[in-house]
Amino acid sequence: MSILNYYMKLATIPQLVANALCDRSCMSVHELPYSVYLHIPFCKIKCTYCAFNTYVNLDDLIEPFVRALINEIAIIGAGRPGHRVDTIYLGGGTPSVLMPEQLHRIISAIRKHFNVSPDAEISMESNPSDLDVAYMTAVRQVGINRLSIGMQSAHLPELDLFARRHDHPTVVRAVDAARRGGFDNLNLDLIYGIPNQTLEMWRESLNAMLSLTPEHISLYALGIEDGTPLKNWVETGKLPAPDDDLAADMYELASDMLDAAGYEQYEISNWAKPGHECRHNLQYWRNLPYPGLGPGAHGYAAGVRYHTILSPQRYIKALERIDTSLEFPRTPAVDHAVVVDRSAEIAETLMMGLRLTQEGISRETFRQRFGVDVLEHFPELAGRFAAHELVTVDEHMVRITRRGRLLSNMIFRELV
Ligand code: SF4
């Protein structure tokens, strides 16, 4: 693509988003199609950096959990029967611990209670150790059409540090199995900023990943989360603390390498071949509705933000029967729910929208949604943030700059 075409394309994207709202007669965002998130809270091994709501050694609960999840789908569906669903995302945890027959029952339940678009994006996260051709073929036949594989690193010492179940040859075989099984939309995850990781090791992991030609790439800076073995090792001096400057150099290196390989960065941590942006995650970043189901899932629908019970045992108990007496999107599995007021919705929309490096925040779309110009609400965007070249502001758009991406957490903190 020529530079001129590239910039013309960037200029067109926000207008398309504005049109998407206007084509629907500027309807409330809560009437727009849903993205449904399903949290599968089981893993075979707990990784040393992981603070997600996920559990090991609970295989006996998997089938009761599937039955409870199907009941939860029925309850949520009863609140908005036939509402259009454009994307479904099975995350976790490790959804690839489920059998194809269980995945089939879950997806069929969503199809029964909602109007799932014929071209819906249906994604599943997976562990490379679980993927062979027979499994991939069966998963593809269930209707799952986008697969995310947790590669994390190409280096065995780094994978061992994380207690991952795989080595790099396993990832190569998993990608091959997914391709043979019919997947033409693959994401690979990598982690950077790992203790003792050098820039050269990071370059090798990136090259190993690029040689597998995924359609989509997610890169995450390693977080040292409370309650994890990794945090304990850093606190007791067994591991060096992450080096923020080196992590920033790794991010810059990745941006250059992925750009050279033909990937477009469309979000702070995400790159895609043109047309392969993750539609489900775009729904989050546009602050549009996404019912969340499963233990510890977060959801946002009908102006309510909520999360569900963390414990799989309590979740299963709460959903033994289909109880539709609560007001949508609440179910017996919802642990906490708050109505999002206008000022919180504005702040969330700004923070999420700034993550979208190309699309940014359309001033027109923002005005349609909130009746106010984003710069009137956040004058510092056009003031000190633009002066320090952290964001760019023009007549139509507000976007974070390449420099601003490195300081995004500070920008979000100061704005909201
Ligand atoms: S596989 Fe994923 S969800 Fe499971 S423990 Fe590891 S990082 Fe956490």
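Residues numbered from 1 in each chain as written. Predicted model: local features only at pLDDT ≥ 70, side-chain atom pairs only at ≥ 80, totals over all residues. Heavy atoms only, no water.

### Regarding the site of the ligand
Put simply, the rule is: The nearness test applies per residue and asks whether one of its heavy atoms lies within 4 Å of the molecule or strand. Three residue categories are used. Nonpolar comprises Ala, Val, Leu, Ile, Met, Phe, Trp, Tyr, Cys and Pro, charged comprises Asp, Glu, Lys and Arg, and polar comprises the others, including Gly.
Residues in contact with the ligand, as listed here, are Cys43, Ile45, Lys46, Cys47, Tyr49, Cys50, Phe52, Thr54, Gly93, Thr94 and Arg164. Each residue belonging to the shell around the ligand can be placed in one class, and the counts come to six nonpolar, three polar and two charged.

### Remarks on helix α6 (residues 168-181)
In plain terms, the rule: In this text, helices come from DSSP runs of H or I with a minimum length of four residues, and strands from runs of E with a minimum of two, each type numbered from the N-terminal end. In this analysis, the expected span of each helix is defined as 1.5 Å times one less than the number of residues it contains. Any residue under 20% of the maximum accessible area for its type is buried, any over 50% is exposed, and the rest in between are partly exposed; the area is computed with a 1.4 Å probe on protein chains only. In this description, contact between two residues means that some pair of their heavy atoms is separated by no more than 4.5 Å.
When the terminal C-alpha atoms of α6 are compared, their 20 Å separation across 14 residues agrees well with the 20 Å that a helix rising 1.5 Å per residue should span. Turning to α6, its buried residues number three or more, namely His168, Thr170, Val171, Ala174, Val175, Ala177, Ala178 and Gly181. In the core, the buried residues of α6 are packed alongside α4 (133-142), β4 (146-152), α5 (156-161), β5 (186-192) and α7 (199-210). Positive backbone phi, approximately 110 degrees, marks Gly182, located one or two places after α6.

### Examining the sheet that holds strand β1 (residues 34-40)
The condition is simple: A strand pair is defined by DSSP finding two or more bridges across the two strands. Whenever a helix is involved, its axis is fitted only over the stretch in contact; in every case the axis is a line through C-alpha atoms, and angles between N-to-C directions fall within 0 to 180 degrees.
Spatially, β7-β8-β6-β5-β4-β3-β2-β1-β9 is the arrangement adopted by the nine strands of the open sheet, whose pairing is mixed. Sheet topology places β7 (264-267) and β9 (292-293) at the edges, where each strand pairs with a single neighbour. Note that β4 and β5 share five bridges and pair parallel. The partner of Ile149 across the bridge, within β5, is Leu188. Packed onto the sheet, α6 meets β4 and β5 and runs at close to 170 degrees relative to β4.

### Comments concerning the nonpolar core
For clarity, the cut-off: Within this scheme, the nonpolar core is defined by two criteria: the residues are buried Ala, Val, Leu, Ile, Met, Phe, Trp, Tyr or Cys, and they are joined through side-chain atoms within 4.5 Å. Domain extents, as shown, originate in an automatic or database domain assignment.
If you look at the biggest cluster of nonpolar residues, it comprises 96 residues, and the most contacted ones within it are Leu219, Leu354 and Leu381. Tallying contributions element by element places helix α2 (residues 62-79) first for this core, with eight residues. Residue contributions to this core reach at least three from each of two domains, namely domain 1 (33-285) and domain 2 (354-415). Not counting chain neighbours up to four residues away, the residues in contact with Leu219 comprise Leu190, Tyr192, Trp202, Leu206, Ala254, Leu258, Ser269 and Trp271. Of all hydrophobic cores here, the second largest spans eleven residues; its members include Tyr49, Cys50, Leu230 and Val234.

### Some thoughts on the confidence of the model for the protein
What counts here: Note on scores: pLDDT gives the predictor's confidence for each residue, bounded by 0 and 100.
For the protein, per-residue confidence averages 93 on the pLDDT scale, and 94% of positions sit at 70 or higher. Taken together, the stretch residues 1-26 has pLDDT below 50 and engages in 33 contacts with residues farther than four places along the chain or on a different chain.

### As for the pattern of salt bridges
Here is the rule we go by: Here a salt bridge means any side-chain nitrogen of Lys or Arg lying within 4 Å of a carboxyl oxygen belonging to Asp or Glu.
Going through the model one piece at a time under the given rule, you end up with 23 salt bridges. Residue Glu267 is joined to Arg355 by a salt bridge in which the shortest nitrogen-to-oxygen separation is 2.4 Å. Pair noted here: Glu267 is in strand β7 and Arg355 is in helix α12 (residues 342-355), with a separation of 88 residues, a long-range link. Measuring nitrogen to oxygen at the nearest pair gives 3.9 Å for the salt bridge that ties Asp323 to Arg321.

### A short note on the domain arrangement of the protein
Spelled out, the test is: Two parts placed together each lose some accessible area under a 1.4 Å probe, and the buried area is that loss summed for both. Polar contacts here mean pairs of N or O atoms no more than 3.5 Å apart (in protein, one a potential hydrogen donor and the other a potential acceptor; neighbouring residues in sequence count only if both atoms are side-chain atoms).
Here the protein is described as being made up of domain 1 (33-285) and domain 2 (354-415). Each of domain 1 and domain 2 has a C-alpha centre, and these two points are 29 Å apart. Across the boundary between the two partners, domain 1 contributes 13 residues, which contact eleven residues of domain 2. Here domain 1 packs against domain 2, burying approximately 1,100 Å² in sum over the two surfaces, 51% of which is carbon and sulfur. Of all residues in domain 1, the largest losses of buried area upon contact with domain 2 belong to Glu252, Gln265 and Ile268, amounting jointly to 43% of the total for that side. For the pair domain 1 and domain 2, the interface holds three salt bridges. Note that Asp256 is salt-bridged to Arg402, the shortest N-O span being 2.8 Å. Counting across the domain 1 and domain 2 interface gives ten residue pairs in polar contact (both at pLDDT 80 or more). Ranked by the residues each element gives to the side of domain 1 that touches domain 2, the list is headed by helix α9 (residues 244-260), at five residues. Residues belonging to the side of domain 1 that touches domain 2 are distributed by class as follows: six nonpolar, three polar and four charged.

### Brief notes about the packing of α4 against α6
For clarity, the threshold we go by: Note on terminology: angles under 35 degrees are roughly parallel, angles over 145 are roughly antiparallel, angles of 65 to 115 are roughly perpendicular, and the others are oblique. A crossing counts as left-handed when the near helix is turned anticlockwise from the far one by less than a right angle, and as right-handed when that turn is clockwise.
Two elements in contact, α4 and α6, have axes separated by 8 Å at closest approach and are oriented at 45 degrees. In terms of axis orientation, α4 runs oblique to α6. When you trace α4 past α6, the crossing you get is right-handed. Contact residues: α4 offers Val133, Met136, Thr137 and Arg140, while α6 offers Ala177, Ala178, Arg180 and Gly181. Considering only residue class, the contact of α4 with α6 consists of four nonpolar, two polar and two charged.

### A closer look at a negative patch on the surface
For clarity, the threshold we go by: Only residues whose relative accessible area exceeds 30% and that take part in no salt bridge are eligible for patches, with like-charged residues grouped when within 9 Å of each other and nonpolar side chains (Val, Leu, Ile, Met, Phe, Trp, Tyr) grouped when within 5 Å. For the area figures, the Shrake-Rupley method with a 1.4 Å probe applies, and any residue is considered shielded solely by the protein chains shown. Within this scheme the basic residues Lys and Arg register as positive and the acidic residues Asp and Glu register as negative, but His and the chain ends are omitted. Taken as the charge centre is NZ of Lys, CZ of Arg, CG of Asp or CD of Glu, depending on the residue.
A contiguous patch of negative charge, built from Asp243, Asp244, Asp245 and Asp249, is present on the exposed surface. Exposure remark for Asp244: the relative accessible area of 61% places this residue in the exposed category.

### Some thoughts on the pairing of strand β2 (residues 84-92)
This is how it is decided: Orient the strands so they point away from the viewer; a crossover is then right-handed if the path from the first strand over the helix to the second runs clockwise.
Among the nine residues of β2, eight are classified as buried, and the element is accordingly described as predominantly covered. Here β1 pairs with β2 via seven bridges, running parallel. Across the sheet, the residue bridging to Leu38 is Leu90, located in β2. After leaving β1, the chain enters α2 and then returns to the sheet as β2, a path that is right-handed. Viewed along the sheet, the connection from β2 through helix α3 (residues 100-113) into strand β3 (residues 115-126) turns out right-handed.

### Some points on the sheet that holds strand β15 (residues 397-400)
If you trace the three strands from one edge of the open sheet to the other, you get β13-β15-β14, paired in antiparallel fashion. Every other strand in the sheet has two partners, leaving β13 (361-362) and β14 (391-393) as the edge strands with one partner each. Alignment of β14 against β15, held across three bridges, turns out to be antiparallel. Opposite Val391, over in β15, you have Ile400 as the bridge partner.

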